[in-house]
Amino acid sequence: MKIATYNVNGVNGRLPRLLEWLHETSPDIVCLQELKTDDTKFPAHAIADAGFGAIWHGQRAHHGVAILAKGDTPKEIRRGLPDDSADGQSRYLEAAVKGVVIASIYLPNGNPVGSPNFAYKLAWFARLNEHAEALHASRAPIVLAGDFNVVPTDADIYNAWLWRTDAVIQPEAREAYRQLLAQGWTDATRSLHPNERIYTYWVNAAAFQRNAGFRMDFLLVSTALAPKLTQAGVDRQFRGRERPSDHAPTWITLEVAAG
């Protein structure tokens, strides 16, 4: 089974790239982030024509998450984190599909540091961690996938010093990510490639040409799935195509039947 996550940075504006990627790489399950469209304008028909069922949690012009499944339709479990009723931002979607529980996550960016945005980022991260702990305790096969807007270590960014004031590398954000992993989740990419410089985001085309990137897109697998992890990679070539997202698709394969 191949599972991927992709911050598309506008699902309608990047639809040609998304459809191209689905056709060329044929993932079984996909988590999308930053849809930037409300629910009525999600391109469900085009995605269905490509062979994928979908559920989505959109928001006009901002945020938004979706889950796609090849030849299947994900069964929604929840949209939004617990105690999320007062939060108007669409950042979390959870479903059952092909024998696994999958969550598509778009964590707040949090800039500028010291602002209400940063406080919101940390509060949202704390709520995610609380829910993730309950999920992991279920011992079900689970994948948390998405753009976490955190660079876990200096090895996950081309030059940490240049970005030292950015929210994605602040100690509080890194500590929240560390606490999440401490629950028992495995960072699939880092588990299989412990010493490689791997990036999933480049701020602009010039940065991509220099490979001056960040690693902020993750697939975290539960203890039930960790022994089944076989491959992990980034389809970085799609960052270099016409009108791309600033993120590249990130994926894993598991020794699990795709159904």
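Above this note sits the structure.
Predicted model, so just to flag it, every value in this text is computed and none were measured. (Residues numbered from 1 in each chain as written. Predicted model: local features only at pLDDT ≥ 70, side-chain atom pairs only at ≥ 80, totals over all residues. Heavy atoms only, no water.)

**Student:** I'm lost on the sheet that holds strand 4 (residues 65-70) in this one. Help?
**Tutor:** Where strands meet in a sheet, backbone hydrogen bonds hold them as pairs that are either parallel or antiparallel. Taken in spatial order, the six strands of this open sheet run 3-4-2-1-12-11, and their pairing is mixed. In the strand order of this sheet, the two ends are held by strand 3 (52-57) and strand 11 (229-234), each with one partner. Taking each pair of neighbouring strands and ignoring which way they run, the sheet shows an average axis angle of 15°. Sheet topology note: the strand 11/strand 12 (residues 250-254) ladder contains five bridges and is antiparallel. Among the inter-strand pairings, A232 is bridged to a residue of strand 12, identified as I252. Together, strand 1 (2-7), strand 2 (29-33), strand 3 and strand 4 form the strand contacts of helix 1 (residues 15-25), whose direction differs from that of strand 1 by roughly 165°. (Pairing = 2+ DSSP bridges. Helix = DSSP H or I, 4+ residues; strand = E, 2+ residues; numbered from the N terminus. Axes fitted to C-alpha atoms, helices over the stretch in contact; angles between N-to-C directions. Contact = heavy atoms within 4.5 Å.)

**Student:** Would you mind going over helix 3 (residues 116-137) with me for this structure?
**Tutor:** Helix length check: helix 3 (22 residues) gives 32 Å between terminal C-alpha atoms against 32 Å at 1.5 Å per residue, within 8%. F118, K121, W124, F125, R127, L128, N129, H131, A132, L135 and H136 are the residues of helix 3 that are buried. Taken together, the buried residues of helix 3 touch strand 5 (75-79), strand 6 (92-97), strand 7 (100-106), strand 8 (142-147) and helix 4 (171-182). Backbone geometry just after helix 3 places R139 at a positive phi near 65°. (Expected span 1.5 Å × (residues − 1). Buried < 20%, exposed > 50% of the residue type's maximum accessible area, 1.4 Å probe, protein only.)

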